[in-house]
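Overview (structure and organization)
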Amino acid sequence: MEFAEVARGLLLVAPADFVRERTARQRAARKDDRALATRIGGLRKPAPAAWVVDLLAHEGALDEAVDLGPAIRQAQADADPAAIRQLRQQRAAVVTALAQAGADLASDAGHPATSAVLDQVRATIEAAMTDPHAGAAVRSGLLVRPLESAGFEAVDLDGALADPDAVPDAWSGTDAEPIPITSARRTRKASRASRPDSGPRAEPEPEPEEQPTPTADPTAERRAAREAESVARSESRDADAALDAAESELEAAEDHRSDLERQLAEATAAVGRAERTRDEAEAASDRARELLRAAQRHRRDVGR
């Protein structure tokens, strides 16, 4: 059995039952494929929003949303306001319907989604429409964390999939790449530079010299924000992994305790049986000695 197949099944398990089910699958796989068992043991529990998206992917409900992506991107590239407006309305309706469908699936599974989780579900679906690679990721049913689009930038898929190798289109899709924000800036600058000259300009009057005031660099601020987000996401993943490991250790310890308790109960029962056997043997020994003494007395009486 392939790891991706096992992962897809596990990612559909309600979050409260995930660790227990993962441990059971790992133990079952260990008998025949220790490498697969190791990978199963390392599978991260999905974030609640990712779990809901995986439920939708399992139902095949995300196809319409992802298929809207190319049309939206083409309308934006063509700068067609009417088409953009119509597609945005359609996108909003699809996202709302899918969020409700995801809420229903989560409730049916016994793990209702909060409004914050459903907001992340909506953001993930919208990211799937923005970036073709993100679209492949959400349709895979292997999502472990929610996604978010950031303007013209490609959606960050680092650590988003349980098995990235199983979804090559999430990394090398054939659709057009989103326009990088730096390219968009260059285009706007070129447009300003190409405006016709309206004639000679009057020389401006010299102004009093002022001390330069520091100005914020938007590029540096965005870079710092992305780096901070990357650090926070890494810490979050590490914390999730530590939590999963602790839950696995706790479950293993509880299993061990159950084994010890069962062994103790069996040993206690064996001691009880041995004590009863000893008591019965002691009583039989007492009766035998009494019979021996009676026989000895009878023999002495007969010999007189």
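Criteria and thresholds
Residues numbered from 1 in each chain as written. Predicted model: local features only at pLDDT ≥ 70, side-chain atom pairs only at ≥ 80, totals over all residues. Heavy atoms only, no water. Helix = DSSP H or I, 4+ residues; strand = E, 2+ residues; numbered from the N terminus. Buried < 20%, exposed > 50% of the residue type's maximum accessible area, 1.4 Å probe, protein only. Contact = heavy atoms within 4.5 Å. Expected span 1.5 Å × (residues − 1). Core = buried A, V, L, I, M, F, W, Y, C linked by side-chain atoms within 4.5 Å. Salt bridge = Lys/Arg side-chain N within 4 Å of Asp/Glu carboxyl O. Axes fitted to C-alpha atoms, helices over the stretch in contact; angles between N-to-C directions. Parallel < 35°, antiparallel > 145°, perpendicular 65-115°, else oblique. Nonpolar A, V, L, I, M, F, W, Y, C, P; charged D, E, K, R; others polar. pLDDT = per-residue confidence, 0-100. Arc of directions from axis to C-beta. Polar contact = N/O pair within 3.5 Å; in protein donor to acceptor, adjacent residues only side chain to side chain. Left-handed = near helix turned anticlockwise from the far one by under 90°.

**With respect to the overall build of the chain**
A tally of helices and strands in the chain yields 11 helices and zero strands. Secondary structure elements in the chain, listed N-terminal to C-terminal, are α-α-α-α-α-α-α-α-α-α-α. When the 304 residues of the chain are sorted by exposure, 28% land in the buried category. Considering only contacts in the chain between residues 6 or more positions apart, those separated by 24 or more positions represent 67%.

**Side note on helix 2 (residues 15–30)**
The terminal C-alpha atoms of helix 2, which comprises 16 residues, lie 23 Å apart, in line with the 22 Å expected from a rise of 1.5 Å per residue. Listed in full, the buried residues belonging to helix 2 are Pro15, Phe18, Val19, Arg22, Thr23, Gln26 and Ala29.

**Thoughts on the nonpolar core**
Ranked by internal contacts, the top residues of the largest apolar core, which has 55 residues, are Ile125, Leu143 and Leu147. Elements with a minimum of two residues in this core: helix 1 (3–10), helix 2, helix 3 (34–41), helix 4 (48–58), helix 5 (63–78), helix 6 (81–108), helix 7 (115–130) and helix 8 (132–139). A per-element tally of this core places helix 4 first, with eight residues. Once residues lying within four places of it in the same chain are set aside, the contact partners of Leu143 are Leu11, Pro46, Ala50, Val53, Asp54, Thr124, Ala137, Val138, Ala160 and Leu161.

**With respect to the pattern of salt bridges**
Taken as a whole and judged by the stated rule, the model has 11 salt bridges. The partner of Asp63 in a salt bridge is Arg139, and the shortest N-O contact between them spans 3.2 Å. A residue pair is termed long-range when its members are at least 10 positions apart, and Asp63 in helix 5 and Arg139 in helix 8 qualify at 76 residues. According to the relative accessible area criterion, Asp63 is partly exposed, its value standing at 34%. Owing to a relative accessible area of 37%, Arg139 belongs among the partly exposed residues under this scheme. Across the pair Glu290 and Arg293 runs a salt bridge whose closest N-O atoms are separated by 2.9 Å. Highlighted residues: Glu290 and Arg293, both in helix 11 (residues 218–303), separated by three residues, approximately one helical turn.

**Here's the deal with the packing of helix 4 against helix 6**
Where helix 4 contacts helix 6, the axes come no closer than 9 Å and their chain directions differ by 100°. For the element pair helix 4 / helix 6, the angle class is roughly perpendicular. Contacts between helix 4 and helix 6 pair Trp51, Val52, Leu55 and Leu56 from the former with Leu98, Ala101, Gly102, Leu105 and Ala106 from the latter. Looking at side-chain class alone, the contact of helix 4 with helix 6 contains eight nonpolar, one polar and no charged residues.

**So, the confidence of the model for the chain**
For the chain, the average pLDDT comes to 77, and 71% of its residues sit at 70 or higher. Across the chain, the element-wise mean pLDDT spans from 32 in helix 10 (residues 181–193) up to 96 in helix 4. In this model residues 173–210 is a low-confidence stretch, pLDDT under 50, and it forms 22 contacts with partners more than four residues away in sequence or in other chains.

**Focus on helix 3**
The set of residues buried in helix 3 consists of Leu36, Ala37 and Ile40. In a view along the axis of helix 3, the buried residues occupy a sector of 100°, so they form one face of it. The exposed residues of helix 3 that point more than 90 degrees off its buried face are Arg34, Ala35 and Thr38. Among the structural elements, helix 1 and helix 2 are those in contact with the buried residues of helix 3. Measuring from the side-chain oxygen of the N-cap residue of helix 3 to the backbone nitrogen of Ala35 gives 3.2 Å; that N-cap residue is Asp33.

**Focus: the environment of Asp33**
If you trace the backbone, Asp33 turns up in the loop between helix 2 and helix 3. Since its relative accessible area comes to 32%, Asp33 is described here as partly exposed. A distance of 3.2 Å separates a polar atom in the side chain of Asp33 from the backbone nitrogen of Ala35.

**Structural notes on the packing of helix 6 against helix 7**
Close contact between helix 6 and helix 7 brings their axes to 9 Å; oriented N to C, the two are set at 135°. The angle between helix 6 and helix 7 places the two elements in the oblique class. Handedness of the crossing formed by helix 6 with helix 7: right-handed. Contact with helix 6, carried on its side by Arg91, Val94, Val95, Leu98, Ala99 and Ala103, involves Leu118, Arg122, Ile125, Glu126 and Met129 of helix 7 and no other residues of that element.

**A look at the side chain of Gln26**
Positionally, Gln26 belongs in helix 2. Residue Gln26 is classed as buried on the basis of its relative accessible area of 19%. Every residue in contact with Gln26, bar those within four places of it in the chain, is listed here: Ala37, Ile40 and Gly41.

**Looking at the environment of Ala71**
Considering the arrangement of structural elements, one finds Ala71 in helix 5. As for Ala71 and Met129, which are separated by 58 residues in sequence, their C-alpha atoms are 9.3 Å apart.

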